[in-house]
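# Summary of the model geometry
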Amino acid sequence: MTLELAKLAAADNTWGTIIPELLLGCLALGLLVFEIVLPKRLHSIIPDLAIAGLIGAITGLLINFDSASLGHTTFNGLLRHSSGGQILRLFFLLTALLVSVLGKVSLAKQLMPRVEFFHLVLVVTAAMMLLAQANHFVMLFVALETVTIGFYILVSYFRTSAASLEAGLKYLVMGALSSGLLLFGIVLLYGVAGNPALPGHTPDAMHFGALAAFLSANPHHFLASLGIVLVLAGVAFKIGAFPFQIWIPDVYQGAPTPVTAFLAVGSKAAGFAVLLVLANTVFAPYAWLVTPVLTLMAAATILFGNFAALTQHNVKRLIGLSGVSHAGFLLLGVVAARTIPMATGAIYFYLFAYLIASFTVFGVMTHLAGADDSDQELDHYTGLAKENPFLAAVLAVGLGSLAGIPPLAGFMGKFFVFIAAFQAGARWLLVIAAAGVVISIYYYFGWIKAAFFETYLPPADANSKRPERSKVTLLSCVTLGTLALASIVLGFYQGPLGQWLTMR
(Lines give C-alpha, C1' and ligand atoms only; values in the text may rest on other atoms or scores of the structure.)
Protein backbone atom coordinates (compact mmCIF):
# COMPACT_ATOMS: atom_id res chain seq x y z
CA MET A 1 0.00 0.00 0.00
CA THR A 2 1.37 3.42 -1.00
CA LEU A 3 1.47 6.42 1.30
CA GLU A 4 -1.38 8.07 -0.58
CA LEU A 5 -3.58 4.99 -0.27
CA ALA A 6 -2.79 4.80 3.45
CA LYS A 7 -3.81 8.46 3.84
CA LEU A 8 -7.08 7.83 2.00
CA ALA A 9 -7.78 4.79 4.17
CA ALA A 10 -7.04 6.73 7.35
CA ALA A 11 -9.35 9.54 6.25
CA ASP A 12 -12.28 7.12 6.38
CA ASN A 13 -11.54 6.15 9.98
CA THR A 14 -14.27 8.28 11.50
CA TRP A 15 -13.69 7.65 15.19
CA GLY A 16 -16.59 9.83 16.24
CA THR A 17 -19.02 7.22 14.95
CA ILE A 18 -17.90 4.65 17.53
CA ILE A 19 -17.62 6.90 20.58
CA PRO A 20 -19.82 4.60 22.75
CA GLU A 21 -17.57 1.62 21.99
CA LEU A 22 -14.44 3.67 22.66
CA LEU A 23 -15.96 4.87 25.93
CA LEU A 24 -16.62 1.30 27.04
CA GLY A 25 -13.09 0.24 26.10
CA CYS A 26 -11.52 3.12 28.02
CA LEU A 27 -13.82 2.50 30.98
CA ALA A 28 -12.90 -1.21 30.99
CA LEU A 29 -9.19 -0.30 31.16
CA GLY A 30 -9.95 2.39 33.72
CA LEU A 31 -11.54 -0.14 36.07
CA LEU A 32 -8.31 -2.12 36.15
CA VAL A 33 -6.32 1.05 36.81
CA PHE A 34 -8.66 2.04 39.64
CA GLU A 35 -8.18 -1.38 41.20
CA ILE A 36 -4.43 -0.73 41.28
CA VAL A 37 -4.38 2.90 42.45
CA LEU A 38 -7.34 2.98 44.85
CA PRO A 39 -7.00 1.66 48.39
CA LYS A 40 -8.77 -1.65 49.06
CA ARG A 41 -11.47 -0.03 51.15
CA LEU A 42 -12.61 1.92 48.06
CA HIS A 43 -12.68 -1.04 45.67
CA SER A 44 -16.38 -1.49 46.34
CA ILE A 45 -17.14 1.67 44.36
CA ILE A 46 -15.52 0.34 41.15
CA PRO A 47 -18.62 -1.66 40.06
CA ASP A 48 -20.66 1.49 40.63
CA LEU A 49 -18.31 3.34 38.28
CA ALA A 50 -18.98 0.71 35.61
CA ILE A 51 -22.74 1.12 36.10
CA ALA A 52 -22.44 4.91 35.98
CA GLY A 53 -20.37 4.68 32.79
CA LEU A 54 -22.99 2.48 31.14
CA ILE A 55 -25.75 4.91 32.11
CA GLY A 56 -23.67 7.73 30.60
CA ALA A 57 -23.14 5.77 27.37
CA ILE A 58 -26.88 5.05 27.11
CA THR A 59 -27.71 8.71 27.66
CA GLY A 60 -25.21 9.86 25.07
CA LEU A 61 -26.45 7.34 22.51
CA LEU A 62 -30.06 8.42 23.02
CA ILE A 63 -29.14 12.09 22.61
CA ASN A 64 -27.22 11.43 19.38
CA PHE A 65 -29.38 8.58 18.12
CA ASP A 66 -30.27 10.06 14.71
CA SER A 67 -26.79 11.22 13.80
CA ALA A 68 -25.71 12.28 10.32
CA SER A 69 -23.57 9.16 9.84
CA LEU A 70 -26.57 6.81 9.59
CA GLY A 71 -26.67 5.05 6.24
CA HIS A 72 -22.95 5.47 5.64
CA THR A 73 -19.99 3.12 5.89
CA THR A 74 -16.79 3.99 7.73
CA PHE A 75 -13.38 2.43 8.37
CA ASN A 76 -13.07 1.50 4.69
CA GLY A 77 -16.32 -0.43 4.61
CA LEU A 78 -15.78 -2.43 7.80
CA LEU A 79 -18.72 -0.76 9.57
CA ARG A 80 -22.13 0.29 8.31
CA HIS A 81 -24.15 2.68 10.46
CA SER A 82 -27.92 2.27 10.34
CA SER A 83 -30.97 2.85 12.50
CA GLY A 84 -31.11 -0.90 13.19
CA GLY A 85 -27.50 -0.82 14.35
CA GLN A 86 -28.31 2.07 16.67
CA ILE A 87 -31.23 0.15 18.17
CA LEU A 88 -29.02 -2.84 18.83
CA ARG A 89 -26.25 -0.70 20.33
CA LEU A 90 -28.80 0.65 22.79
CA PHE A 91 -30.03 -2.89 23.42
CA PHE A 92 -26.55 -4.16 24.29
CA LEU A 93 -25.86 -1.20 26.60
CA LEU A 94 -29.10 -1.88 28.49
CA THR A 95 -28.20 -5.56 28.71
CA ALA A 96 -24.75 -4.76 30.12
CA LEU A 97 -26.26 -2.36 32.65
CA LEU A 98 -28.66 -5.01 33.96
CA VAL A 99 -25.94 -7.68 33.99
CA SER A 100 -23.78 -5.34 36.07
CA VAL A 101 -26.60 -4.77 38.56
CA LEU A 102 -27.12 -8.53 38.90
CA GLY A 103 -23.36 -9.02 39.10
CA LYS A 104 -23.17 -6.89 42.23
CA VAL A 105 -25.73 -9.14 43.93
CA SER A 106 -24.19 -12.41 42.77
CA LEU A 107 -20.54 -11.54 43.46
CA ALA A 108 -21.41 -10.43 46.99
CA LYS A 109 -21.90 -14.14 47.81
CA GLN A 110 -18.54 -15.18 46.37
CA LEU A 111 -14.89 -14.80 47.33
CA MET A 112 -14.04 -13.97 43.73
CA PRO A 113 -12.34 -10.98 42.08
CA ARG A 114 -15.02 -8.45 41.23
CA VAL A 115 -13.43 -5.78 39.07
CA GLU A 116 -12.43 -8.23 36.33
CA PHE A 117 -16.06 -9.32 35.95
CA PHE A 118 -17.23 -5.81 35.12
CA HIS A 119 -14.19 -5.27 32.91
CA LEU A 120 -15.13 -8.31 30.83
CA VAL A 121 -18.79 -7.27 30.63
CA LEU A 122 -17.75 -3.89 29.19
CA VAL A 123 -15.36 -5.43 26.64
CA VAL A 124 -17.92 -8.01 25.48
CA THR A 125 -20.59 -5.30 25.20
CA ALA A 126 -18.36 -3.08 23.05
CA ALA A 127 -17.64 -6.07 20.77
CA MET A 128 -21.38 -6.81 20.45
CA MET A 129 -22.04 -3.21 19.48
CA LEU A 130 -19.40 -3.40 16.74
CA LEU A 131 -20.80 -6.75 15.62
CA ALA A 132 -24.22 -5.17 15.09
CA GLN A 133 -22.62 -2.69 12.66
CA ALA A 134 -20.31 -5.12 10.83
CA ASN A 135 -20.23 -4.75 7.06
CA HIS A 136 -17.27 -7.02 6.38
CA PHE A 137 -16.48 -10.62 7.32
CA VAL A 138 -13.18 -9.60 8.92
CA MET A 139 -14.99 -7.24 11.31
CA LEU A 140 -17.73 -9.80 11.88
CA PHE A 141 -15.31 -12.58 12.78
CA VAL A 142 -13.03 -10.45 14.99
CA ALA A 143 -15.97 -8.93 16.90
CA LEU A 144 -17.72 -12.28 17.23
CA GLU A 145 -14.61 -14.00 18.54
CA THR A 146 -14.02 -11.17 21.02
CA VAL A 147 -17.52 -11.77 22.34
CA THR A 148 -17.01 -15.54 22.44
CA ILE A 149 -13.63 -15.42 24.20
CA GLY A 150 -15.04 -13.03 26.78
CA PHE A 151 -17.85 -15.49 27.45
CA TYR A 152 -15.38 -18.36 27.82
CA ILE A 153 -13.99 -16.53 30.85
CA LEU A 154 -17.31 -15.29 32.21
CA VAL A 155 -19.00 -18.71 32.06
CA SER A 156 -16.21 -20.26 34.15
CA TYR A 157 -15.79 -17.18 36.35
CA PHE A 158 -16.63 -19.02 39.58
CA ARG A 159 -13.43 -21.03 39.36
CA THR A 160 -14.01 -22.72 42.74
CA SER A 161 -17.21 -24.25 41.36
CA ALA A 162 -16.87 -27.51 39.46
CA ALA A 163 -20.14 -26.78 37.64
CA SER A 164 -18.89 -23.40 36.41
CA LEU A 165 -15.57 -24.85 35.21
CA GLU A 166 -17.37 -27.70 33.46
CA ALA A 167 -19.72 -25.24 31.77
CA GLY A 168 -16.75 -23.14 30.65
CA LEU A 169 -15.03 -26.18 29.14
CA LYS A 170 -18.16 -27.28 27.30
CA TYR A 171 -18.73 -23.77 25.98
CA LEU A 172 -15.10 -23.62 24.85
CA VAL A 173 -15.38 -26.88 22.90
CA MET A 174 -18.71 -26.02 21.29
CA GLY A 175 -17.66 -22.43 20.66
CA ALA A 176 -14.52 -23.62 18.89
CA LEU A 177 -16.61 -25.94 16.72
CA SER A 178 -19.02 -23.15 15.77
CA SER A 179 -16.14 -20.77 15.01
CA GLY A 180 -14.57 -23.43 12.81
CA LEU A 181 -17.78 -23.91 10.83
CA LEU A 182 -18.21 -20.15 10.46
CA LEU A 183 -14.62 -19.61 9.35
CA PHE A 184 -14.75 -22.52 6.91
CA GLY A 185 -17.89 -21.05 5.35
CA ILE A 186 -16.31 -17.60 5.08
CA VAL A 187 -13.19 -19.07 3.42
CA LEU A 188 -15.32 -20.97 0.90
CA LEU A 189 -17.25 -17.81 0.00
CA TYR A 190 -14.05 -15.78 -0.24
CA GLY A 191 -12.39 -18.36 -2.45
CA VAL A 192 -15.27 -18.86 -4.85
CA ALA A 193 -16.08 -15.14 -5.11
CA GLY A 194 -12.46 -14.37 -5.96
CA ASN A 195 -12.28 -16.92 -8.77
CA PRO A 196 -11.49 -14.96 -11.98
CA ALA A 197 -13.21 -17.66 -14.07
CA LEU A 198 -16.62 -16.78 -12.62
CA PRO A 199 -18.78 -13.82 -13.62
CA GLY A 200 -18.91 -10.98 -11.12
CA HIS A 201 -15.77 -12.14 -9.30
CA THR A 202 -14.33 -9.64 -6.85
CA PRO A 203 -11.01 -9.22 -5.03
CA ASP A 204 -12.92 -7.87 -2.03
CA ALA A 205 -15.17 -10.85 -1.37
CA MET A 206 -15.08 -10.29 2.40
CA HIS A 207 -17.10 -7.09 1.92
CA PHE A 208 -20.84 -7.72 2.28
CA GLY A 209 -21.81 -5.57 -0.70
CA ALA A 210 -19.22 -7.09 -3.04
CA LEU A 211 -20.14 -10.63 -1.98
CA ALA A 212 -23.86 -9.94 -2.49
CA ALA A 213 -23.11 -8.70 -6.03
CA PHE A 214 -21.14 -11.87 -6.79
CA LEU A 215 -23.92 -14.10 -5.44
CA SER A 216 -26.42 -12.25 -7.64
CA ALA A 217 -24.28 -13.04 -10.68
CA ASN A 218 -23.94 -16.73 -9.64
CA PRO A 219 -27.31 -17.67 -8.10
CA HIS A 220 -26.87 -21.47 -7.95
CA HIS A 221 -23.19 -22.14 -7.36
CA PHE A 222 -22.55 -25.28 -5.29
CA LEU A 223 -19.52 -24.05 -3.33
CA ALA A 224 -21.23 -20.74 -2.59
CA SER A 225 -24.28 -22.66 -1.36
CA LEU A 226 -22.09 -24.81 0.89
CA GLY A 227 -20.33 -21.73 2.25
CA ILE A 228 -23.67 -20.08 3.04
CA VAL A 229 -24.94 -23.17 4.88
CA LEU A 230 -21.74 -23.35 6.97
CA VAL A 231 -21.94 -19.65 7.87
CA LEU A 232 -25.59 -20.06 8.88
CA ALA A 233 -24.63 -23.10 10.98
CA GLY A 234 -21.93 -21.08 12.77
CA VAL A 235 -24.43 -18.32 13.57
CA ALA A 236 -27.05 -20.87 14.64
CA PHE A 237 -24.67 -22.03 17.39
CA LYS A 238 -24.62 -18.49 18.79
CA ILE A 239 -28.39 -18.12 18.90
CA GLY A 240 -28.98 -21.67 20.16
CA ALA A 241 -31.10 -22.84 17.24
CA PHE A 242 -31.81 -26.51 16.55
CA PRO A 243 -29.76 -28.65 15.94
CA PHE A 244 -26.97 -26.52 17.39
CA GLN A 245 -28.51 -25.96 20.85
CA ILE A 246 -26.91 -28.95 22.58
CA TRP A 247 -24.60 -26.77 24.69
CA ILE A 248 -27.28 -24.56 26.18
CA PRO A 249 -28.68 -26.53 29.18
CA ASP A 250 -25.31 -27.47 30.68
CA VAL A 251 -23.67 -24.10 30.06
CA TYR A 252 -26.64 -22.12 31.35
CA GLN A 253 -26.80 -24.26 34.50
CA GLY A 254 -23.11 -24.02 35.34
CA ALA A 255 -22.50 -20.36 34.50
CA PRO A 256 -22.99 -17.64 37.15
CA THR A 257 -26.59 -16.42 36.96
CA PRO A 258 -25.72 -12.91 35.65
CA VAL A 259 -23.60 -14.54 32.93
CA THR A 260 -26.47 -16.87 32.07
CA ALA A 261 -28.64 -13.78 31.65
CA PHE A 262 -25.95 -12.18 29.48
CA LEU A 263 -25.80 -15.30 27.29
CA ALA A 264 -29.57 -15.67 27.10
CA VAL A 265 -30.21 -12.05 26.09
CA GLY A 266 -27.04 -10.37 24.81
CA SER A 267 -25.44 -13.27 22.94
CA LYS A 268 -28.75 -14.28 21.38
CA ALA A 269 -29.42 -10.72 20.18
CA ALA A 270 -25.89 -10.46 18.76
CA GLY A 271 -26.47 -13.64 16.77
CA PHE A 272 -29.73 -12.30 15.37
CA ALA A 273 -28.09 -8.99 14.50
CA VAL A 274 -25.68 -10.94 12.29
CA LEU A 275 -28.36 -13.27 10.94
CA LEU A 276 -30.65 -10.43 9.86
CA VAL A 277 -27.91 -8.80 7.81
CA LEU A 278 -26.65 -12.02 6.28
CA ALA A 279 -29.99 -13.66 5.49
CA ASN A 280 -31.79 -10.64 4.08
CA THR A 281 -28.96 -8.62 2.55
CA VAL A 282 -25.76 -10.53 1.78
CA PHE A 283 -27.36 -13.90 1.07
CA ALA A 284 -30.56 -12.46 -0.43
CA PRO A 285 -29.74 -13.79 -3.92
CA TYR A 286 -29.76 -17.28 -2.40
CA ALA A 287 -33.21 -16.92 -0.84
CA TRP A 288 -34.16 -20.22 -2.51
CA LEU A 289 -31.69 -21.87 -0.10
CA VAL A 290 -31.69 -19.61 2.96
CA THR A 291 -35.45 -19.36 3.45
CA PRO A 292 -36.17 -23.14 3.56
CA VAL A 293 -33.17 -23.73 5.85
CA LEU A 294 -34.28 -21.02 8.29
CA THR A 295 -37.92 -22.12 8.08
CA LEU A 296 -37.13 -25.72 9.01
CA MET A 297 -34.72 -24.53 11.68
CA ALA A 298 -37.41 -22.24 13.18
CA ALA A 299 -40.01 -25.04 13.34
CA ALA A 300 -37.60 -27.55 14.87
CA THR A 301 -36.25 -24.99 17.35
CA ILE A 302 -39.70 -24.04 18.62
CA LEU A 303 -40.77 -27.65 19.07
CA PHE A 304 -37.52 -28.90 20.62
CA GLY A 305 -37.16 -25.98 23.05
CA ASN A 306 -40.68 -26.27 24.40
CA PHE A 307 -40.87 -30.07 24.62
CA ALA A 308 -37.42 -30.33 26.24
CA ALA A 309 -38.33 -27.68 28.85
CA LEU A 310 -41.38 -29.66 29.99
CA THR A 311 -39.33 -32.16 32.01
CA GLN A 312 -36.88 -29.71 33.61
CA HIS A 313 -36.78 -29.05 37.36
CA ASN A 314 -33.56 -27.04 37.43
CA VAL A 315 -34.73 -23.52 36.64
CA LYS A 316 -31.55 -22.49 34.81
CA ARG A 317 -31.89 -25.43 32.44
CA LEU A 318 -35.59 -24.65 32.08
CA ILE A 319 -34.96 -21.00 31.23
CA GLY A 320 -32.21 -22.06 28.82
CA LEU A 321 -34.43 -24.46 26.89
CA SER A 322 -37.27 -21.96 26.88
CA GLY A 323 -34.76 -19.53 25.40
CA VAL A 324 -34.23 -22.03 22.58
CA SER A 325 -37.94 -21.77 21.80
CA HIS A 326 -37.69 -17.97 21.81
CA ALA A 327 -34.88 -18.26 19.26
CA GLY A 328 -37.38 -20.17 17.12
CA PHE A 329 -39.95 -17.38 17.38
CA LEU A 330 -37.28 -14.84 16.40
CA LEU A 331 -36.28 -17.04 13.44
CA LEU A 332 -39.91 -16.82 12.38
CA GLY A 333 -39.40 -13.06 12.13
CA VAL A 334 -36.16 -13.46 10.19
CA VAL A 335 -37.92 -15.67 7.65
CA ALA A 336 -40.67 -13.05 7.24
CA ALA A 337 -38.22 -10.13 7.05
CA ARG A 338 -37.16 -11.08 3.51
CA THR A 339 -40.52 -9.94 2.10
CA ILE A 340 -42.21 -8.01 4.93
CA PRO A 341 -40.39 -4.78 5.98
CA MET A 342 -42.14 -4.51 9.35
CA ALA A 343 -40.79 -7.93 10.38
CA THR A 344 -37.39 -6.43 11.21
CA GLY A 345 -39.00 -3.95 13.59
CA ALA A 346 -41.09 -6.77 15.06
CA ILE A 347 -37.84 -8.62 15.83
CA TYR A 348 -36.45 -5.53 17.57
CA PHE A 349 -39.60 -5.16 19.68
CA TYR A 350 -39.52 -8.87 20.54
CA LEU A 351 -35.89 -8.56 21.64
CA PHE A 352 -36.66 -5.64 23.93
CA ALA A 353 -39.69 -7.43 25.41
CA TYR A 354 -37.52 -10.53 25.88
CA LEU A 355 -34.80 -8.45 27.54
CA ILE A 356 -37.25 -6.94 30.02
CA ALA A 357 -38.94 -10.25 30.88
CA SER A 358 -35.72 -12.26 31.06
CA PHE A 359 -33.93 -9.88 33.40
CA THR A 360 -37.04 -9.72 35.56
CA VAL A 361 -36.82 -13.50 36.02
CA PHE A 362 -33.02 -13.61 36.28
CA GLY A 363 -33.14 -10.85 38.87
CA VAL A 364 -35.32 -13.01 41.10
CA MET A 365 -33.12 -16.05 40.42
CA THR A 366 -30.00 -14.11 41.43
CA HIS A 367 -31.52 -13.13 44.76
CA LEU A 368 -32.70 -16.66 45.51
CA ALA A 369 -29.46 -18.38 44.49
CA GLY A 370 -26.89 -19.53 46.99
CA ALA A 371 -23.12 -19.57 46.70
CA ASP A 372 -23.42 -22.47 44.24
CA ASP A 373 -26.03 -20.93 42.00
CA SER A 374 -25.96 -23.81 39.52
CA ASP A 375 -28.21 -25.75 41.92
CA GLN A 376 -31.52 -23.92 41.55
CA GLU A 377 -34.54 -26.18 41.58
CA LEU A 378 -38.24 -25.44 41.28
CA ASP A 379 -38.62 -26.65 44.87
CA HIS A 380 -36.54 -23.67 46.02
CA TYR A 381 -39.35 -21.35 44.89
CA THR A 382 -42.14 -22.96 46.90
CA GLY A 383 -43.76 -20.54 49.32
CA LEU A 384 -42.02 -17.51 47.79
CA ALA A 385 -45.26 -15.49 47.72
CA LYS A 386 -45.57 -15.75 51.50
CA GLU A 387 -41.91 -15.08 52.25
CA ASN A 388 -41.34 -12.24 49.77
CA PRO A 389 -44.49 -11.06 47.93
CA PHE A 390 -42.47 -8.49 45.93
CA LEU A 391 -40.11 -11.06 44.38
CA ALA A 392 -43.01 -13.44 43.75
CA ALA A 393 -45.02 -10.76 41.95
CA VAL A 394 -42.01 -9.73 39.86
CA LEU A 395 -41.35 -13.38 38.97
CA ALA A 396 -44.97 -13.87 37.90
CA VAL A 397 -44.86 -10.83 35.62
CA GLY A 398 -41.59 -11.93 34.04
CA LEU A 399 -42.69 -15.52 33.45
CA GLY A 400 -46.07 -14.37 32.17
CA SER A 401 -44.36 -12.12 29.65
CA LEU A 402 -42.04 -14.91 28.50
CA ALA A 403 -45.06 -17.17 28.08
CA GLY A 404 -46.78 -14.53 25.95
CA ILE A 405 -49.73 -13.94 28.27
CA PRO A 406 -51.74 -10.79 27.47
CA PRO A 407 -51.57 -7.97 28.23
CA LEU A 408 -47.80 -8.18 28.89
CA ALA A 409 -45.00 -7.04 26.57
CA GLY A 410 -44.04 -10.59 25.62
CA PHE A 411 -47.51 -11.14 24.18
CA MET A 412 -47.18 -8.06 21.98
CA GLY A 413 -43.72 -9.16 20.85
CA LYS A 414 -45.10 -12.51 19.68
CA PHE A 415 -48.13 -10.77 18.20
CA PHE A 416 -46.00 -8.50 16.00
CA VAL A 417 -43.84 -11.40 14.82
CA PHE A 418 -46.91 -13.54 14.11
CA ILE A 419 -48.47 -10.74 12.04
CA ALA A 420 -45.29 -10.46 9.97
CA ALA A 421 -45.21 -14.25 9.46
CA PHE A 422 -48.88 -14.27 8.45
CA GLN A 423 -48.28 -11.52 5.89
CA ALA A 424 -45.27 -13.47 4.57
CA GLY A 425 -47.49 -16.52 4.02
CA ALA A 426 -45.78 -18.80 6.59
CA ARG A 427 -49.12 -20.26 7.72
CA TRP A 428 -47.95 -23.75 8.69
CA LEU A 429 -45.05 -22.26 10.64
CA LEU A 430 -47.56 -20.10 12.51
CA VAL A 431 -49.48 -23.21 13.55
CA ILE A 432 -46.30 -24.69 15.03
CA ALA A 433 -45.49 -21.40 16.77
CA ALA A 434 -48.98 -21.22 18.30
CA ALA A 435 -48.60 -24.81 19.55
CA GLY A 436 -45.25 -23.82 21.06
CA VAL A 437 -46.87 -20.96 22.97
CA VAL A 438 -49.51 -23.34 24.40
CA ILE A 439 -46.84 -25.84 25.49
CA SER A 440 -44.74 -23.12 27.11
CA ILE A 441 -47.62 -22.04 29.32
CA TYR A 442 -47.43 -25.39 31.11
CA TYR A 443 -43.85 -25.12 32.35
CA TYR A 444 -43.91 -21.37 32.96
CA PHE A 445 -47.05 -21.67 35.07
CA GLY A 446 -45.60 -24.67 36.87
CA TRP A 447 -42.93 -22.26 38.12
CA ILE A 448 -45.58 -19.70 39.13
CA LYS A 449 -47.57 -22.45 40.84
CA ALA A 450 -44.57 -23.38 42.97
CA ALA A 451 -44.09 -19.76 44.05
CA PHE A 452 -47.74 -18.99 44.85
CA PHE A 453 -49.65 -22.17 45.57
CA GLU A 454 -47.19 -24.59 47.16
CA THR A 455 -45.86 -24.59 50.72
CA TYR A 456 -42.22 -25.07 51.51
CA LEU A 457 -41.49 -28.07 53.72
CA PRO A 458 -37.93 -28.15 55.11
CA PRO A 459 -36.25 -31.48 54.24
CA ALA A 460 -35.04 -33.79 56.99
CA ASP A 461 -31.52 -33.76 55.52
CA ALA A 462 -29.82 -30.48 56.45
CA ASN A 463 -27.61 -30.70 53.34
CA SER A 464 -30.69 -30.57 51.11
CA LYS A 465 -32.01 -27.29 52.44
CA ARG A 466 -32.52 -24.54 49.92
CA PRO A 467 -30.00 -21.68 49.83
CA GLU A 468 -30.46 -18.54 51.86
CA ARG A 469 -32.11 -15.68 49.98
CA SER A 470 -30.17 -12.46 49.31
CA LYS A 471 -31.41 -9.24 50.79
CA VAL A 472 -33.26 -7.12 48.24
CA THR A 473 -31.39 -3.81 48.18
CA LEU A 474 -32.87 -0.50 47.10
CA LEU A 475 -31.05 -0.74 43.75
CA SER A 476 -32.39 -4.24 43.14
CA CYS A 477 -35.89 -3.22 44.21
CA VAL A 478 -35.94 -0.26 41.84
CA THR A 479 -34.46 -2.29 38.97
CA LEU A 480 -36.81 -5.26 39.29
CA GLY A 481 -39.83 -3.05 39.92
CA THR A 482 -39.05 -0.95 36.84
CA LEU A 483 -38.63 -4.03 34.66
CA ALA A 484 -41.90 -5.57 35.84
CA LEU A 485 -43.71 -2.27 35.35
CA ALA A 486 -42.21 -1.91 31.85
CA SER A 487 -43.57 -5.35 30.88
CA ILE A 488 -47.04 -4.33 32.00
CA VAL A 489 -46.98 -0.85 30.43
CA LEU A 490 -45.61 -2.06 27.08
CA GLY A 491 -48.27 -4.75 27.04
CA PHE A 492 -51.08 -2.22 27.36
CA TYR A 493 -49.55 0.65 25.42
CA GLN A 494 -46.74 0.42 22.92
CA GLY A 495 -47.22 4.03 21.82
CA PRO A 496 -44.28 5.76 20.15
CA LEU A 497 -41.86 2.97 21.14
CA GLY A 498 -43.85 0.26 19.37
CA GLN A 499 -44.38 2.41 16.29
CA TRP A 500 -40.73 3.46 16.25
CA LEU A 501 -39.39 -0.08 16.53
CA THR A 502 -41.86 -1.73 14.15
CA MET A 503 -41.30 0.90 11.47
CA ARG A 504 -37.53 0.42 11.44
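Below you will find a few notes about this structure.

Cut-offs and rules
- Residues numbered from 1 in each chain as written.
- Predicted model: local features only at pLDDT ≥ 70, side-chain atom pairs only at ≥ 80, totals over all residues.
- Heavy atoms only, no water.
- Axes fitted to C-alpha atoms, helices over the stretch in contact; angles between N-to-C directions.
- Helix = DSSP H or I, 4+ residues; strand = E, 2+ residues; numbered from the N terminus.
- Parallel < 35°, antiparallel > 145°, perpendicular 65-115°, else oblique.
- Left-handed = near helix turned anticlockwise from the far one by under 90°.
- Contact = heavy atoms within 4.5 Å.
- Nonpolar A, V, L, I, M, F, W, Y, C, P; charged D, E, K, R; others polar.
- Patch = residues over 30% accessible without salt bridge, like charges linked within 9 Å, V, L, I, M, F, W, Y side chains within 5 Å.
- Areas by Shrake-Rupley, 256 points an atom, 1.4 Å probe, with all protein chains shown as cover.
- Salt bridge = Lys/Arg side-chain N within 4 Å of Asp/Glu carboxyl O.
- Buried < 20%, exposed > 50% of the residue type's maximum accessible area, 1.4 Å probe, protein only.
- Core = buried A, V, L, I, M, F, W, Y, C linked by side-chain atoms within 4.5 Å.

In this section: the packing of helix 13 (residues 315-337) against helix 18 (residues 427-453). One can describe the packing of helix 13 onto helix 18 by two numbers: an axis separation of 11 Å at closest approach and a directional angle of 160°. Considering their axes alone, helix 13 and helix 18 lie roughly antiparallel with respect to each other. Handedness of the helix 13/helix 18 crossing: left-handed. The residues of helix 18 that touch helix 13, namely those facing Val315, Leu318, Ile319, Ser322, Ser325, His326, Phe329 and Leu332, are Leu429, Leu430, Ala433, Gly436, Val437, Tyr443, Tyr444 and Trp447. Considering only residue class, the contact of helix 13 with helix 18 consists of 12 nonpolar, four polar and no charged.

Let us now look at a nonpolar patch on the surface. Together, Val33, Phe34, Ile36, Val37, Ile45 and Leu49 line one region of the surface with nonpolar side chains, adding up to about 530 Å² of accessible area. Among the elements that take part in the nonpolar patch, helix 2 (residues 19-37) stands out by supplying four residues, more than any other. Residue classification places Ile45 among the partly exposed positions, given a relative accessible area of 37%.

Turning to the nonpolar core, a few remarks are in order. One finds Phe137, Phe151, Phe283 and Trp447 to be the most contacted residues of the largest nonpolar core, which totals 181 residues. In terms of residues, this core owes the most to one element, helix 14 (residues 342-368), which gives 19 residues. Setting aside its immediate chain neighbours within four residues, Phe151 contacts Val124, Met128, Tyr171, Val259, Phe262, Leu263 and Ser267.

On inspection of all chains with the given rule, the structure shows five salt bridges. A salt bridge links Glu21 to Arg89, with the nearest nitrogen and oxygen atoms 2.8 Å apart. Note that Glu21 is positioned in helix 2 and Arg89 in helix 4 (residues 83-107), a separation of 68 residues in sequence. Judged by relative accessible area, which is 4%, Arg89 ranks as buried. One salt bridge in this structure joins Asp250 and Lys170, with 3.0 Å as the shortest N-O distance. Of this pair, Asp250 sits in helix 10 (residues 248-254) while Lys170 sits in helix 7 (residues 162-193), and the two are 80 residues apart along the sequence. Residue classification places Asp250 among the partly exposed positions, given a relative accessible area of 29%. Note on Lys170: relative accessible area 29%, which makes it partly exposed.

Function cannot be read off these values alone, since they describe shape.
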